[in-house]
Amino acid sequence: MKNQTWSGRFKLQSSELLKEFNASLPFDKELYKEDIQGSIAHATMLSKCGILTKAECDTLIKGLEAVQDEIEEGKFDFDLKDEDIHMAVERRLSELVGEVGGKLHTARSRNDQVATDFKLYTRKHNLILQDLLKELISTLINLAKSHKNTVMPSFTHLQHAQPISFAFYILTYAFMFARDIKRLRSSYELADFSPLGACACAGTSYKTDRKFTAKLLGFADTMPNAMDAVSDRDFALDLLYDISVIFTHTSRLCEELILFSSSEFGFVSISDAYSTGSSIMPQKKNPDVCELIRGKTGRAYGNLMSLLSTMKALPLAYNKDMQEDKECVFDSVKNATQSLVILNEMLKELTLNEKTMRKACEKGHLLATDLADFLVREKGVPFRKAHFIVGKVVAKADEMGLDLSEITNLQEIEPLFDENAQRLLNLEASLNSKQSEGSSSVESVEKQIQNLESFLRS
Ligand code: ARG
């Protein structure tokens, strides 16, 4: 009664309930390409090491390629009783090439096979995400280049802080995404070791060449310990964490686009092509894309927490719990990919309402720090005292119902301020007065753009 490849020692057939519960095929078919790629490398190695003949290896490779074609042409029969993609591919291979198909699994286990497939998948998507982040950074750089002189208020505690340029503001995100790329690169490097050939957990009695398969699959080297090779899912956790941080960044940007496109701010307009309407209120134009990206952040964090919890306290080596590692990663990868693509397109179409942004700079006494710095620089007043004096001027301006920038009789209010101080009450002057590295001045923004452009070339 052999209904499964492993059923030699079983007397009864599997329950239908078990078949459905146990199977990962409905989701791990996503790994078909990596599975076939890994099997081709494995067969090639077996033949190189004299474990298979050259003819057997050729037959297996041809068969595996035929299976891949069937899957890609939608002709493959995905049947739950195969359990997972590894057994499904092997079953079909044997149907196509006959008994030699059964030789493919020599010196291999599904444990090292699944670790290899899954690692190849995460590596592939790691690189795709890096490319998408690069495109996003380019879009942000373009926005920055066209808005070096577009003034807007900066905020701390969501209260008006100091005048900045839109370029300076938007480059903040470009630097976040550049760090995300570096984080992905570092995860890639950590995962650059092949598990293939570790077998069930202890290696194999065949004289295989794991370095050879590692090289064929594009890994820098092999994982040095077979038990670790089959038990490790750090590479999946790292990708989930990297994606969570990307989402942290995109959620902050999206939150600001939601705020800045509201009637209260009115700083930016999101293109109609990336906005939605309401079923009842005809006037509505909603920033759904931003809200969805913000919302998907929760899912990304959940996926990371899910796999961390699955892996917690698992005894060595492989346990079936680890089959739960895939759906969370597939979900995060799909959402991150989609989100980065649409965010990039939406930003390319973003329009700025420069007048409104400038107008917003006339509220909140944005130039107060400039006045305090004047007292320090020109009058030798200690900064703390200068801070206090300007605080008094701000209070006076409030009494007069004016913003600091609207005050024309500064010296009357505070005799320490001469006409040079009066001249400081200007947004561009404030912006460009910044001398420190990384500041909001046009000169500094240009350097920051160069910094990012050279990063993109690296
Ligand atoms: N479908 C399994 C998974 O995704 C493959 C490995 C199964 N190994 C085993 N010994 N049952 O984890």
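Above this text sits the structure in question.
These numbers were taken from a predicted model, which means no experiment stands behind them.

A short note on the packing of helix α6 (residues 110–146) against helix α12 (residues 326–348)
No. 1: For the pair α6 and α12, the least separation of the axes is 10 Å and the interaxial angle reads 15 degrees. By the angle class used here, α6 and α12 are roughly parallel. The interaxial crossing formed by α6 with α12 has left-handed handedness.
No. 2: Of the residues in the contact of α6 with α12, the class split is 17 nonpolar, five polar and three charged.

Topic: empty space enclosed by the protein
No. 1: Throughout the structure, instances matching the rule amount to two cavities of 30 Å³ or more.
No. 2: In this structure, the largest cavity occupies an estimated 60 Å³ of space.
No. 3: Lining the largest cavity are T122, R123, N126, S187, Y188, A191, F235, L239 and D242.
No. 4: Among the secondary structure elements, those contributing two or more residues to the lining of the largest cavity are α6, α7 (166–190) and α10 (234–260).
No. 5: For the lining of the largest cavity, the class distribution of residues is four nonpolar, three polar and two charged.
No. 6: Roughly 30 Å³ of internal volume is contained in the second largest cavity.
No. 7: Along the walls of the second largest cavity sit Q4, W6, L18, K19, N22, L80, K81 and E83, which together make up its complete lining.
No. 8: Per-class residue counts for the lining of the second largest cavity are three nonpolar, two polar and three charged.

So, the site of the ligand
No. 1: Residues in close proximity to the ligand include S24, D28, D84, H86, R110, N111, V114, Y318, Q323 and K326, which together make up its full environment.
No. 2: Within the contact set of the ligand, an oxygen atom lies 2.4 Å away from a side-chain nitrogen or oxygen of Y318.
No. 3: At a separation of 2.8 Å, a nitrogen atom of the ligand approaches a polar side-chain atom of Q323.
No. 4: Per element, the largest residue contribution to the shell around the ligand is three residues, and it comes from α6.
No. 5: Classifying every residue of the shell around the ligand gives two nonpolar, four polar and four charged.

Examining the pattern of salt bridges
No. 1: Scanning all chains against the criterion turns up 31 salt bridges.
No. 2: Ionic pairing is found between E70 and R92, a salt bridge with its closest N-O pair at 2.7 Å. Placement of E70 in helix α4 (residues 54–72) and of R92 in helix α5 (residues 85–97) is noted, with a sequence separation of 22 residues between them.
No. 3: Overall, E70 belongs to the buried group, its relative accessible area being 15%.
No. 4: Notably, a salt bridge pairs R299 with D331, separated by 2.3 Å at the nearest N-O pair. With a gap of 32 residues between them, R299 in helix α11 (residues 288–311) and D331 in helix α12 connect regions that are remote in the sequence.

Calculation rules
Residues numbered from 1 in each chain as written. Predicted model: local features only at pLDDT ≥ 70, side-chain atom pairs only at ≥ 80, totals over all residues. Heavy atoms only, no water. Axes fitted to C-alpha atoms, helices over the stretch in contact; angles between N-to-C directions. Helix = DSSP H or I, 4+ residues; strand = E, 2+ residues; numbered from the N terminus. Parallel < 35°, antiparallel > 145°, perpendicular 65-115°, else oblique. Left-handed = near helix turned anticlockwise from the far one by under 90°. Nonpolar A, V, L, I, M, F, W, Y, C, P; charged D, E, K, R; others polar. 1 Å grid on protein atoms, 1.4 Å probe; cavity = no way out; pocket = protein on both sides within 12 Å on 5 of 7 lines; lining within 4 Å. Points joined across faces, edges and corners; volume = space filled by probe spheres on them. Near = heavy atom within 4 Å. Polar contact = N/O pair within 3.5 Å; in protein donor to acceptor, adjacent residues only side chain to side chain. Salt bridge = Lys/Arg side-chain N within 4 Å of Asp/Glu carboxyl O. Buried < 20%, exposed > 50% of the residue type's maximum accessible area, 1.4 Å probe, protein only.

Without other data, these values stay purely geometric and don't point to any function.
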